[in-house]
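Each chain, written out:
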Amino acid sequence: MQQLTNPKTQRAAFGKLVKEFSEPLYWQIRRIVLYHEDANDVMQNVFMKAWTHLDKFHQESKISTWLYRIAINESLDVLRRNKKQSNIHTDDDIMQVANRLQADQYFDGDEADALLQQAISQLPDVQKTVFNLRYFDNMKYSEISAIMHTSEGSLKASYHIAVKKISEFFHKND
């Protein structure tokens, strides 16, 4: 960590940071924004923001927590911008998400994965984020709490509501 604050070693240390966190951050971002192109754009923004605001990281939390926080905020910004352009609430729009996801050359999931992504895409942003961090990244509620600045109890409730909505979606689309 000291290497990130030392001007002589800062670039090399940041390069190591990018290598270490690129893949896990990419997949977290991808699960939120769904599409490869959007995920790549968000990744670039995350690392640009991290680099330009490196002096604001005061080591009160882990560097991974800080990076995930930036990634989630950037991902949610993309979702908000996309929602303003086209509201995803109707069945036709949900099918459009599924079709676009399956047509994505970087999506290698099967029908169940596509259905899960459809279900997740219907969740409110907070539930979607909590579900992704808990289900896919197997993060502890304490870690998610540090990333999202929310109480563990609230996160547990959001996760369980998300699971219930996803289960209902699967039952409805069985």
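The following refers to the structure shown.

## Section: the nonpolar core
By size, the foremost hydrophobic cluster in this structure holds 45 residues, and its most contacted members are Leu25, Ile29, Ile63, Trp66 and Leu67. If one sorts the elements of this core by residue count, helix H4 (residues 63-85) sits on top with ten residues. The contact partners of Ile29, leaving out residues within four places of it in the chain, are Leu34, Ala39, Val42, Met43, Val46, Ala71 and Ser75.

## Looking at the packing of aromatic side chains
In this structure the tally under the stated criterion is ten aromatic pairs. With a centroid separation of 6.3 Å and 85° between ring planes, the pair formed by Phe14 and Phe47 is classed as edge-to-face. Taken together, the positions of Phe14 in helix H2 (residues 10-33) and Phe47 in helix H3 (residues 36-52) put the pair 33 residues apart, joining distant regions of the chain. Phe47 shares its class with Phe14; the two are buried. Cluster of aromatic residues (ring-pair linked, three or more members): Phe131, Tyr135, Phe136, Tyr141 and Tyr159.

The rules behind these values
Residues numbered from 1 in each chain as written. Predicted model: local features only at pLDDT ≥ 70, side-chain atom pairs only at ≥ 80, totals over all residues. Heavy atoms only, no water. Core = buried A, V, L, I, M, F, W, Y, C linked by side-chain atoms within 4.5 Å. Buried < 20%, exposed > 50% of the residue type's maximum accessible area, 1.4 Å probe, protein only. Helix = DSSP H or I, 4+ residues; strand = E, 2+ residues; numbered from the N terminus. Contact = heavy atoms within 4.5 Å. Phe/Tyr/Trp six-rings, centres within 6.5 Å; stacked < 30°, edge-to-face > 60°.

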